[in-house]
Structures are given as structure tokens and as C-alpha cells.
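# Architecture and fold: a report
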Amino acid sequence: MKSINLNLLRTLQVLLDECHVSRTAEHLCITQSAVSRQLNQLRELFGDPLLVRDGNRLLPTPKAQQLKQKLDGLLAECQELFISDEFEPQSWEGRVVLSSSDYVAQYILPEIVERVQRQAPNLKLAYQLWSPDQFSRLADLDIQLVSTMLPSIPPGLCGTQIGADYPVCVMRSSHPLAVNETMSAVDFIRYGHMSVSGGGDKDSFVDKELAERGLSRRIQFSVPFFSSAFQTVCRTDMLMVIPEHIASNMQQMFPIIYKPLPFNAPEHRYWLLWHPRFDSDPSHRWLREQVLAVMQSSMYSISMISDHNCDEFF
């Protein structure tokens, strides 16, 4: 099969429109000799003279007339490949998967679904509980957006920061430590602890800080779900280290209080992340705009406490 240079087809299109070598050369901004060479190549390619001279003019052969009927449509379709897609949420059909901690799923995801469904009613949304060990496999997973807590955007991924806060110690409002103005490290380890494991690492730094002081705590209950964790805190003397914005928001629903930790705590940073293969996609860009807007405005979000790496808003 003969290889075809698309530039030759463009020359043929103009030649058949103009039926004139010099005008074709002017139109294409090339020399007349270049047009003549390309015409000879086209004649060899199609096994037909294509244009024959009749005095001072060129006349198309029947073969050329057949080609012209196809060329205009074919080259128009080729041109469309380089035209940016106009994305219309109203007509978007498909499925996207969002992944996060169960806190986001339970308290913020309903707002995201409401906002997205209102503008893209045919889009299907699904949720998966996020696990940090999935970062290395994100390119192969059917997950379009991840909301998680990390010091920075992992190498090879794109993202934007949602907000930041610090961890605090949560306890039931009638806890023996609740009346104390301050809490010492000894107070902190006197009681059992629970850990929320779903969605990312929230408190492993605690054990490192305690170890430096020759101390350790007892993890008596570990659960991936915030709702279960808060229900348990309210029924026991266990303590729980979680982000401040979650503790503050949950005070509206549970009889809890929270206190600063008795040692320096790292800043928690929250990100919306995605694989680079989605970065330039118009539909994905629109989706992450909607998700970020909700995550920064929801009454349950980090924005209640705190007032990318593709170097752009998205």
C-alpha cells in the first residue's frame, strides 16, 4: 500500500479548486516549482494525469473530479481533529469515580453529587474508599479524582490544595480530662486511644513524638469509619487524634470537645489529586472545578477552620 502525505492531498484540493499552478502556489505560500513537483507526485500516486493542459488552462480529468468530491469532506474531518472540543455538561454521559476518606463521602459527597447532577444529569458518579497504597497504581485504577491528606502532591500526579489545618485530641464532653485547661503528655497516654484508618495516615506522627519522649500509647480500637469512631468516643474514655476541621464540625452532632496536642504537631494539608492523563480533558477539568468548589465551601469542609502540580488553577 502506498504511503500518503496529507500535504499532497491539501495541494490537490487547491489545484482542483484553482485549476492553475501559480494561483495554487500563491494560496499555499510555496513556489510554483514545488506545486509542479507535488502534482507529478500526485499523478504517480493515483496513476492518472489529474489535470491536463488545454491552452492556458488546466482541466480536471474524470478521476480528479471523483477525488474532489471526497477530498473536501475528508480534509474537513482531518481539520476537526485539531479543533478543541466544546464540553457541554448537560450532554455528558459516562461514569466517574471519586475516592476519599469516609468523612468526605458521608458529609461532603452528597453536596458534590447534588451540584454535579444538577448540571450533568446524565453522568453516573461512584465512590471508593481511598487507601494510600493506591498511589502507585492510580494510572491503572478506575478513579478520576482523589481527595486525601498529604504533605505535598506525590511525584507524577497533578493536584490542587483544598486547605490545611492541624490535628487535635478529641474526647467526650464528660471525659475526666475535659475540665483540665491543658493536657500533658502523661495525661494523653493515661487513656486508651482509637484510630481512624480509612482514607490516609492521620496520626502515625503521634507515636513518633511519644517515642522521642520515651512514651507510648495504647490503640484499643481501630476503624476506617468516622461515624463509628465518634459514636465510640462518646461512649468511652478513649481519646482520638483527628484533623481540627473534622472535630469542629462534629461538635454540632456529637457531645465532644477537643484540645491541642501536648506536643508539636505537623500541619495537615488536603489535596484534590488526579493522574496527568486527565489533566487536559475538558470534562475532567469541569468536574474537578465542581468538586473543589464544594470542598472549599461546604459547612463540613476545611474552609470552616482555615480562612497545584500542574502550576495552574487546574
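Residues numbered from 1 in each chain as written. Predicted model: local features only at pLDDT ≥ 70, side-chain atom pairs only at ≥ 80, totals over all residues. Heavy atoms only, no water.

## What to know about the overall build of the protein chain
Within the protein chain, the regular secondary structure consists of 10 helices and 12 strands. What you see for the protein chain is a C-alpha radius of gyration of 32 Å, clearly larger than the 20 Å of a compact globule of 314 residues, by over 25%. For the protein chain, the C-alpha atoms occupy an extent of roughly 110 × 40 × 35 Å along the three principal directions. Out of the 314 residues belonging to the protein chain, those deemed buried represent 46%. With an accessible surface of roughly 16,600 Å², the protein chain has 50% of that area assigned to carbon and sulfur atoms. Across the protein chain, the centroid of the 28 positively charged side chains sits 5 Å from that of the 36 negatively charged ones. (Helix = DSSP H or I, 4+ residues; strand = E, 2+ residues; numbered from the N terminus. Rg over C-alpha atoms; globule rule 2.2 N^0.38 Å. Buried < 20%, exposed > 50% of the residue type's maximum accessible area, 1.4 Å probe, protein only. Areas by Shrake-Rupley, 256 points an atom, 1.4 Å probe, with all protein chains shown as cover. Lys, Arg positive; Asp, Glu negative; His and termini not counted. Charge placed at Lys NZ, Arg CZ, Asp CG, Glu CD.)

## So, empty space enclosed by the protein
Counted as a void, the second largest cavity has a volume near 80 Å³. Contributing to the lining of the second largest cavity are 13 residues, with Leu98, Ser99, Ser100, Val104 and Met295 lying nearest its centre. Those elements that provide at least two residues to the lining of the second largest cavity are β3 (94-100), α5 (102-119), β5 (145-149) and α10 (282-295). Among the residues making up the lining of the second largest cavity, the classes are represented as 10 nonpolar, 3 polar and no charged. (1 Å grid on protein atoms, 1.4 Å probe; cavity = no way out; pocket = protein on both sides within 12 Å on 5 of 7 lines; lining within 4 Å. Points joined across faces, edges and corners; volume = space filled by probe spheres on them. Nonpolar A, V, L, I, M, F, W, Y, C, P; charged D, E, K, R; others polar.)

## Some thoughts on the packing of aromatic side chains
Using the criterion set out here, one finds 10 aromatic pairs in the structure. Both rings, one in phenylalanine 87 and one in tryptophan 92, keep their centres 5.3 Å apart while their planes meet at 80°; by these two values the pair is edge-to-face. A residue is classified by how much of its surface remains accessible, and tryptophan 92, at 14% relative accessible area, is buried. Between phenylalanine 188 and phenylalanine 263, the ring centres sit 5.7 Å apart and the planes meet at 90°, which makes this aromatic pair edge-to-face. You can see phenylalanine 188 sitting in helix α6 (residues 185-190) and its partner phenylalanine 263 sitting in the loop between β11 (256-259) and β12 (268-274), a full 75 residues away along the chain. Following the ring pairs from residue to residue traces out a cluster consisting of Tyr103, Tyr107, Phe226, Phe230, Phe254 and Tyr300. (Phe/Tyr/Trp six-rings, centres within 6.5 Å; stacked < 30°, edge-to-face > 60°.)

## Re the pairing of strand β1 (residues 51-54)
Summarising the sheet, β1 and strand β2 (residues 57-60) pair through 4 bridges and their orientation is antiparallel. From the neighbouring strand, leucine 51 faces β2, where its bridge partner is proline 60. Counted between consecutive antiparallel strands, the loop separating β1 from β2 contains 2 residues, among which glycine 55 sits at a positive phi close to 70°. (Pairing = 2+ DSSP bridges.)

## Thoughts on the packing of α5 against α10
Running from N to C, α5 and α10 point in directions that differ by 135°, and their axes come no closer than 9 Å. Judged by the angle between their axes, α5 and α10 are oblique. Note on packing geometry: the crossing formed by α5 with α10 is right-handed. Across from Val104, Ile108, Glu111, Ile112, Arg115, Val116 and Gln119 in α5, the residues of α10 making contact are Trp286, Leu287, Gln290, Val291, Ala293, Val294 and Met295. (Axes fitted to C-alpha atoms, helices over the stretch in contact; angles between N-to-C directions. Parallel < 35°, antiparallel > 145°, perpendicular 65-115°, else oblique. Left-handed = near helix turned anticlockwise from the far one by under 90°. Contact = heavy atoms within 4.5 Å.)

## Focus on helix α3 (residues 32-46)
Compared with the 21 Å implied by 1.5 Å per residue over 15 residues, the 21 Å span of α3 between its first and last C-alpha is a close match. Along α3, the positions that sit buried rather than exposed are Ala34, Val35, Gln38, Leu39, Leu42 and Leu45. For α3, the angular spread of buried residues about the axis comes to 140°, placing them on one side. Across from the buried face of α3, at angles greater than 90 degrees, the exposed residues are Arg37 and Glu44. One or two positions beyond α3, positive phi appears at glycine 47, with a value near 60°. (Expected span 1.5 Å × (residues − 1). Arc of directions from axis to C-beta.)

## Focus: the state of the cysteines
All chains considered together, the criterion is met by 0 disulfides. Sulfur of cysteine 19: no disulfide; nearest cysteine sulfur belongs to cysteine 29 and is 20 Å away. Cysteine 169 provides the cysteine sulfur closest to cysteine 234, a residue in no disulfide bond, and the two sulfurs are 14 Å apart. (Disulfide = S-S within 2.5 Å.)

## Brief notes about unusual backbone geometry
In this structure, cysteine 19 takes a positive phi of about 50° despite not being glycine. By secondary structure assignment, the location of cysteine 19 is in the loop between α1 (6-18) and α2 (21-28). One non-glycine residue with positive phi stands out, namely cysteine 29, at about 60°. Within the secondary structure, cysteine 29 is located in the loop between α2 and α3.

## Comments concerning the pattern of salt bridges
Scanning all chains against the criterion turns up 11 salt bridges. For aspartate 279, the salt bridge is made with arginine 288, and the minimal N-O distance between the two is 3.4 Å. (Salt bridge = Lys/Arg side-chain N within 4 Å of Asp/Glu carboxyl O.)

## Section: the sheet that holds strand β7 (residues 167-172)
Strand pairing in a sheet is mediated by backbone hydrogen bonds. Such pairs are either parallel or antiparallel. Across the sheet, which stays open at both edges, the 5 strands sit in the order β9-β8-β10-β7-β11 with mixed pairing between neighbours. Of all the strands in the sheet, the pair left with one neighbour each is β9 (219-223) and β11. The average angle at which neighbouring strand axes cross in this sheet is 30°, direction not considered.

## Some remarks on α1
In this model, α1 (13 residues) spans 19 Å end to end at C-alpha, consistent with the 18 Å of a helix rising 1.5 Å per residue. Cysteine 19 lies just past α1 and shows a positive phi near 50°.

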